[in-house]
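Structural overview
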Amino acid sequence: MLSINFPEKFTPGLTDNFVSNEVVFKDLDFDKILDGLLDAGKWETYYENSSDIHMYNQDSTVLKNDTHFHFKTFGFDVEAQVEEYDLDAENGVLRLAWHGWNEAEGDEFLDVYHAWLVQKLDRNRIRILTQESQIGTPAKELAKSVPNTMMLGHQAWLDGLVAFAKY
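The following paragraphs examine the structure supplied in this document. (Residues numbered from 1 in each chain as written. Predicted model: local features only at pLDDT ≥ 70, side-chain atom pairs only at ≥ 80, totals over all residues. Heavy atoms only, no water.)

**What to know about the environment of L87**
The criterion, for reference: Segments assigned H or I by DSSP are reported as helices when at least four residues long, segments assigned E as strands when at least two residues long, and all are numbered from the N terminus. Whether a residue is buried, partly exposed or exposed follows from its accessible area with a 1.4 Å probe, protein chains only, as a fraction of its type maximum: under 20%, in between, or over 50%, in that order. In what follows, a contact means two residues having at least one pair of non-hydrogen atoms within 4.5 Å.
Take L87: it is sitting in strand β4 (residues 76-88). For L87, a relative accessible area of 32% puts it in the partly exposed group. Note: C-alpha distance between L87 and G100 (13 residues apart in sequence) is 21 Å. When sequence neighbours within four positions are dropped, the list of residues in contact with L87 reads F30, L34, V93 and L94.

**Re the nonpolar core**
How we decide: To qualify as a nonpolar core, a set must consist of buried Ala, Val, Leu, Ile, Met, Phe, Trp, Tyr and Cys residues joined through side-chain atoms within 4.5 Å.
The biggest cluster of nonpolar side chains holds 40 residues, and the ones touching the most others in it are W43, L63, F69, L96, W98, W116 and I128. Leave out the neighbours within four places in its chain, and W43 touches G36, L37, S50, I53, L63, F69, F71, W98 and W157.

**So, the sheet that holds strand β1 (residues 17-26)**
Where we set the bar: Note on pairing: two strands pair once DSSP finds at least 2 bridges between them. Think of each axis as a best-fit line through the C-alpha atoms, taken over the contacting stretch in the case of a helix, with angles from 0 to 180 degrees between the N-to-C directions.
The strand order across the open sheet built from seven strands is β1-β7-β6-β5-β4-β3-β2, with neighbouring strands paired in antiparallel fashion. Unpaired on one side and paired on the other, β1 and β2 (51-56) mark the two borders of the sheet. Here the strands of the sheet are splayed against their neighbours by 20° on average, with no regard to which way each runs. With 10 bridges joining them, β1 and strand β7 (residues 125-135) adopt antiparallel strand pairing.

Next up, the structure:
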C-alpha cells in the first residue's frame, strides 16, 4: 500500500512527536471523503478540535496546491501551507499534506507536518491514513500525554470524516 512522503526534517522517529492513525471502511463514497477533507470549511462540522478556519489569498475554503491557511487545533493557533496535493481520481488516490507552525518563539514554538492518504482499495473499500510529525517543546509534552492526546484527536478526526461521508 502507499505511504506518506515526509520531508527529511520531519522523518518519523527523529522528531519530538509522531502519530499515525488509519481506518479502512467498506462502502464509503470516495468523493464525499474528499469533499469533507479538502474543504477546510467543513472540518468544524464533524471535528470539534478544529475551529477558526481562515484562508489567505483565496475566497474558497477548499485546499489546493500552495494554499496558505490558519486554524485552531489542540489549543494552538496554526499557520499552515499545503505542501503536497496530488489527486489521481482515475486510480482513486489523494495525497495531501501541509506544513504547520505557530507564531510563537522559543519553548512555545511548534513545527509540524500533517499528511493524509486516501486510497480506494479492492472490494469497495477505502483506506484513510493520517500521520503527523512534530518538532518543538509543545510536541515533546504532547508525546508524554497518557492517553496520547494527538492520537486520540486524530482518531476523532478520522471517525468524524467517516461519519461525514456516510451521511
